[in-house]
Amino acid sequence: MRQVLRLCEAAGLDGADSAAYARTVLAALGPVADRPLDLPPPDDSFLSDDHTPVEFSLSFTPQGDPTLRVLLEPGCGAGDMARNGRAGLRVVREMARRWGFGTRPLDEVEDLFFPPDPQGPLALWCALELLPGGVPKLKVYLNPAASGQERSAGTVREALRRLGHHRAFASLPDGDRHLFLALDLGAWEEPRVKVYLAHHDLSAGEAAGLSRLDGGPGRRAVTSFFHTAAALPEADAAAGTDALDPAAPDLRLDRRPVQSCHAFTGTATGRPSGFTLYVPVRDYAAHDGEALDRAVSVLRDHGMDPVPLVRSVSALTSRRPEDGVGLIAYVGLAHHQGRPPRVTVYLSSEAYEVRKPAPAPAARTTSVAGSGGPGPS
Ligand code: TRP
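The shown structure was predicted, so the numbers you read here are calculated from the model rather than taken from an experiment. (Residues numbered from 1 in each chain as written. Predicted model: local features only at pLDDT ≥ 70, side-chain atom pairs only at ≥ 80, totals over all residues. Heavy atoms only, no water.)

(A) Structural detail: unusual backbone geometry. Of note, the bond from Gly120 into Pro121 is cis; its omega dihedral lies within 30 degrees of zero at 5 degrees. Checked against the element boundaries, Pro121 lands in the loop between helix H4 (104–113) and strand S3 (124–129). Backbone torsion omega between Gly216 and Pro217 reads -15 degrees, so that peptide bond is classified as cis. Looking at the element boundaries, Pro217 is found in the loop between helix H6 (204–208) and helix H7 (219–230). Not every positive phi belongs to a glycine, and His51 is a case in point at roughly 70 degrees. Along the chain, His51 falls in the loop between helix H2 (15–29) and strand S1 (54–60). Phi is positive for Asp201, which is not a glycine, with a value near 55 degrees. Within the secondary structure layout, Asp201 lies in the loop between strand S6 (193–199) and strand S7 (202–203). (Helix = DSSP H or I, 4+ residues; strand = E, 2+ residues; numbered from the N terminus.)

Written out as structure tokens, the structure is:
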């Protein structure tokens, strides 16, 4: 796939690694990879807006090149969610064998996430961190609602318990929905179990209250990221930082929900060691020119070089950022205990469709007084 090769190059990987990773991505997608792009998407994959079963992302730290990652739905086009899940498990186990990874955490929770008649919107996704050297790190994303939305909290609690995190569930903040449970497989220093929550109508002040990390991040770090990524107006942004006072005016993101991720490593404290906030910038920007500017601002605010992002955007597509919206899907800010923050930017493949720029300014928000409706679906 040309996009993989070009992005690998933009991320500083050598020719051999890039070629090997492009082959790996194609193999993981199976028959879908050979499907002509002028046919409609193989199914209505929830992985991306235009149903391409692939999404790229860059993870930035203050030092060094960003890491390129690719998120895939190996079972896309398998027919139904049961087959989708089986195809996903097969591909993950093949990859694990190939690189000598264990799949124990996945084996221990398999029955919870792969019932005989699974519900959508996904069965299994996997992500590869395309590190130099040709051996990626692997992450597997599972659907807590596989046995029904009403069972998802119980499924997450039981999965955490089986994985040794007995007190983790109780330490999660409130959210509107459990979206994913993710497992790190492979040569991770500290493999994580991650729980993703959706938050409709979230304000910056509330976002700052979602972290359950001991000692960080500060409210200011979260609210200022939230405002930069969503580009809330300056005056309101200032008000939003003072949201300790529940009566203070604060603005809410009332379209696609913000997501939070809580990562558990050690089991001693019952608390997470990682916290990430994802702002779906594409639903709050008129076009990708705006979204890109915001991602660049977030990177600069954290002392990170935005050049690889700009290079990656041009490696991915020849269209101008102003001519569509959705290429930049999310901007994330990740905190992990004892490490500098990371900024992650999610880039759509747009293999099937480019969403038209929004006609009106898209940074529409509602004040606390004016909100109350549920978020968009
Ligand atoms: N497409 C889905 C969404 O937008 C899932 C998803 C893909 C996602 N990449 C993501 C969610 C990155 C959070 C962060 O919600």
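Next comes the rest of the account.
(B) Expanded view of the site of the ligand. If you check the shell around the ligand, you find Phe46, Leu47, Ser48, Glu55, Leu71, Trp125, Arg256, Gln259, Tyr278, Arg282, Tyr330 and Tyr346 and nothing else. Within the backbone of Leu47, one N or O atom sits 2.9 Å away from a nitrogen atom of the ligand. In the environment of the ligand, an oxygen atom lies 3.4 Å from a nitrogen or oxygen atom belonging to the side chain of Gln259. Against a free-state accessible area of 350 Å², the protein chains account for coverage of 94% of the ligand. Considering only residue class, the shell around the ligand consists of seven nonpolar, two polar and three charged. (Near = heavy atom within 4 Å. Polar contact = N/O pair within 3.5 Å; in protein donor to acceptor, adjacent residues only side chain to side chain. Areas by Shrake-Rupley, 256 points an atom, 1.4 Å probe, with all protein chains shown as cover. Nonpolar A, V, L, I, M, F, W, Y, C, P; charged D, E, K, R; others polar.)

(C) Examining the pattern of salt bridges more closely. Across all of its chains, the model carries 21 salt bridges by this definition. For the salt bridge of Glu110 with Arg93, the shortest nitrogen-to-oxygen distance reads 2.6 Å. Taken together, the residues Glu110 in helix H4 and Arg93 in helix H3 (residues 81–99) connect sequence positions 17 residues apart. Accessibility expressed as a relative area gives 26% for Glu110, which makes it partly exposed. (Salt bridge = Lys/Arg side-chain N within 4 Å of Asp/Glu carboxyl O. Buried < 20%, exposed > 50% of the residue type's maximum accessible area, 1.4 Å probe, protein only.)

(D) View of the packing of H3 against H4. H4 packs onto H3 with a crossing angle of 170 degrees between their chain directions and a minimal axis gap of 12 Å. With respect to H4, the axis of H3 lies roughly antiparallel. From H3, Leu89, Val92 and Arg93 reach across to H4, where they touch Leu106, Asp107 and Glu110. By residue class, the composition of the contact of H3 with H4 is three nonpolar, no polar and three charged. (Axes fitted to C-alpha atoms, helices over the stretch in contact; angles between N-to-C directions. Parallel < 35°, antiparallel > 145°, perpendicular 65-115°, else oblique. Contact = heavy atoms within 4.5 Å.)

(E) Region of the structure containing the pairing of strand S9 (residues 258–264). For S9, the tally of buried residues reaches seven of seven residues, placing the bulk of the element in the interior. A two-sided burial pattern is seen for S9, the buried positions comprising Val258, Ser260, His262 and Phe264 on one face and Gln259, Cys261 and Ala263 on the other. With seven bridges connecting them, S6 and S9 associate as antiparallel partners. Bridging across to S9, His199 finds its partner in Val258. Bridge count between S9 and strand S10 (residues 274–279): five bridges; the pairing is antiparallel. Following the sheet pairing, Ser260 is matched in S10 by Leu277. (Pairing = 2+ DSSP bridges.)

(F) Expanded view of the sheet that holds strand S5 (residues 177–185). With respect to topology, ten strands assemble into a closed barrel ordered S1-S2-S3-S4-S5-S6-S9-S10-S11-S12, the strand pairing being antiparallel. Shown here is a sheet whose adjacent strand axes are inclined to one another by a mean of 20 degrees, direction ignored. With six bridges joining them, S5 and S6 adopt antiparallel strand pairing. Paired with Leu183 across the bridge in S6 is Val193. Running at roughly 155 degrees to S5, H4 makes contact with strand S4 (137–142) and S5 of the sheet.

(G) View of the confidence of the model for the protein. Residues with a pLDDT of 70 or more make up 91% of the protein, whose mean pLDDT is 92. Across residues 239–248, where pLDDT falls below 50, the model places 13 contacts with residues more than four positions away in sequence or in other chains. Ignoring residues within four places in sequence, the model shows residues 368–377, a span with pLDDT below 50, making 16 contacts including any to other chains. (pLDDT = per-residue confidence, 0-100.)

(H) Main features of the packing of aromatic side chains. Scanning all chains against the criterion turns up ten aromatic pairs. Here the aromatic rings of Tyr141 and Tyr196 are separated by 6.0 Å at their centres, their planes lie at 55 degrees, and the arrangement is tilted. With Tyr141 in strand S4 and Tyr196 in strand S6, this pair connects stretches of sequence that are 55 residues apart. For the residue pair Tyr141 and Tyr196, the accessibility class agrees, reading buried in each case. Geometrically, the ring pair formed by Tyr278 and Tyr330 is edge-to-face, given 6.3 Å between the ring centres and 85 degrees between the ring planes. Taken as a pair, Tyr278 in strand S10 and Tyr330 in strand S11 (residues 328–336) lie far apart in primary sequence, 52 residues in all. Residue Tyr278 is classed as buried on the basis of its relative accessible area of 9%. (Phe/Tyr/Trp six-rings, centres within 6.5 Å; stacked < 30°, edge-to-face > 60°.)

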